[in-house]
Amino acid sequence: MPLDTTIGGANADSYASLAYALAYHADKGNAAWALATDANRETALRRATTWLDGTYRSNWPGYRVNGRVQALDWPRSDVADIGGYAVDYLTIPPEVLRATCEAALRELALPGGLSPDVTDAGIVKSESVGPISVTYRGGGGVGASRPIVTVIDDILSGLLSIRRGTATLVRA
């Protein structure tokens with residue numbers, strides 16, 4: 001089934017069209033994208049879009065233009081970028097399109113790699129047997145297993161209302 005990139009559509013399943021992604025990756029010289037089939041590229045774009053919405057949903061500024069009727073988080077109203085410029089509420093911002101393409105490249109290389117299945121059951125922070133002590137994980141649980149893709153964070157940084165991994169200190 002072809003991608004549905006209808007902006008604000010009830011059945012939309014990708015922010016970026018196949019044509020946009022092909023041009024993006026050609027410009028970047030991403031050979032893996034060029035060697036893939038259209039079917040695999042479309043599947044990667046769908047998974048990338050799902051991952052973007054799931055990962056950044058709480059940090060997207062503004063409001064969905066069509067509320068819960070639209071399938072994806074964008075387009076959004078009442079959005080300004082970091083420079084204070086209004087983002088057109090009838091389009092998908094270029095930052096979101098580029099981030100979708102970057103995430104899709106990773107999903108093409110390792111399907112499901114951006115959203116691995118993880119359980120808390122096997123995560124052990126520390127274990128001791130006699131004088132020997134081993135730490136398997138520094139804590140954080142399942143959330144610590146989600147990948148942070150810095151190139152995508154960087155692409156989206158001008159749109160996000162709160163940047164992951166940073167905090168703002170305010171003098172009392």
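The rules behind each value
Residues numbered from 1 in each chain as written. Predicted model: local features only at pLDDT ≥ 70, side-chain atom pairs only at ≥ 80, totals over all residues. Heavy atoms only, no water. Helix = DSSP H or I, 4+ residues; strand = E, 2+ residues; numbered from the N terminus. Buried < 20%, exposed > 50% of the residue type's maximum accessible area, 1.4 Å probe, protein only. Contact = heavy atoms within 4.5 Å. Areas by Shrake-Rupley, 256 points an atom, 1.4 Å probe, with all protein chains shown as cover. Core = buried A, V, L, I, M, F, W, Y, C linked by side-chain atoms within 4.5 Å. Patch = residues over 30% accessible without salt bridge, like charges linked within 9 Å, V, L, I, M, F, W, Y side chains within 5 Å. Salt bridge = Lys/Arg side-chain N within 4 Å of Asp/Glu carboxyl O. Expected span 1.5 Å × (residues − 1).

Broken down by element type, the protein carries five helices and four strands. Starting at the N terminus and ending at the C terminus, the protein contains elements arranged as α-α-α-β-β-α-β-β-α. Per-residue burial for the protein yields a buried fraction of 35% across its 172 residues. For the protein, contacts bridging at least 24 residues in sequence account for 59% of all contacts bridging at least 6. In the structure as shown, the protein presents an accessible area of about 10,100 Å², 56% of it carried by carbon and sulfur atoms.

Now for the nonpolar core. Grouped together as the largest cluster of nonpolar side chains are 36 residues, with contacts concentrated most on Trp74, Ile152 and Leu156. Of all the secondary-structure elements, those providing two or more residues to this core are α1 (18–28), α3 (38–56), α4 (94–109) and α5 (150–156). Of all the elements, α4 adds the most residues to this core, at eight residues. Non-local contacts of Ile152, meaning those with residues more than four positions away in its chain, are made with Trp51, Leu52, Tyr56, Ala99, Glu102 and Ala103.

Before going further, it helps to examine a nonpolar patch on the surface. Nonpolar side chains collect at one region of the surface, where Val65, Tyr89 and Leu90 lie side by side and expose about 270 Å² of accessible area between them. For Leu90, the location among the structural elements is in the loop between β2 (76–77) and α4.

Before going further, it helps to examine α3. Every α-helix carries 3.6 residues per turn, so stepping three or four residues along brings you back to the same face. With 19 residues, α3 extends 27 Å from end C-alpha to end C-alpha; this agrees with the ideal 27 Å at 1.5 Å per step. Within α3, burial applies to Arg41, Glu42, Ala44, Leu45, Ala48, Thr49, Trp51, Leu52, Asp53, Thr55 and Tyr56. In the core, the buried residues of α3 are packed alongside α1, α2 (31–35), α4 and α5.

We now examine the environment of Cys101. Tracing the chain through its elements places Cys101 in helix α4. Residues within four places of Cys101 in sequence aside, it is in contact with Ala16, Tyr20, Ala21, Tyr24 and His25.

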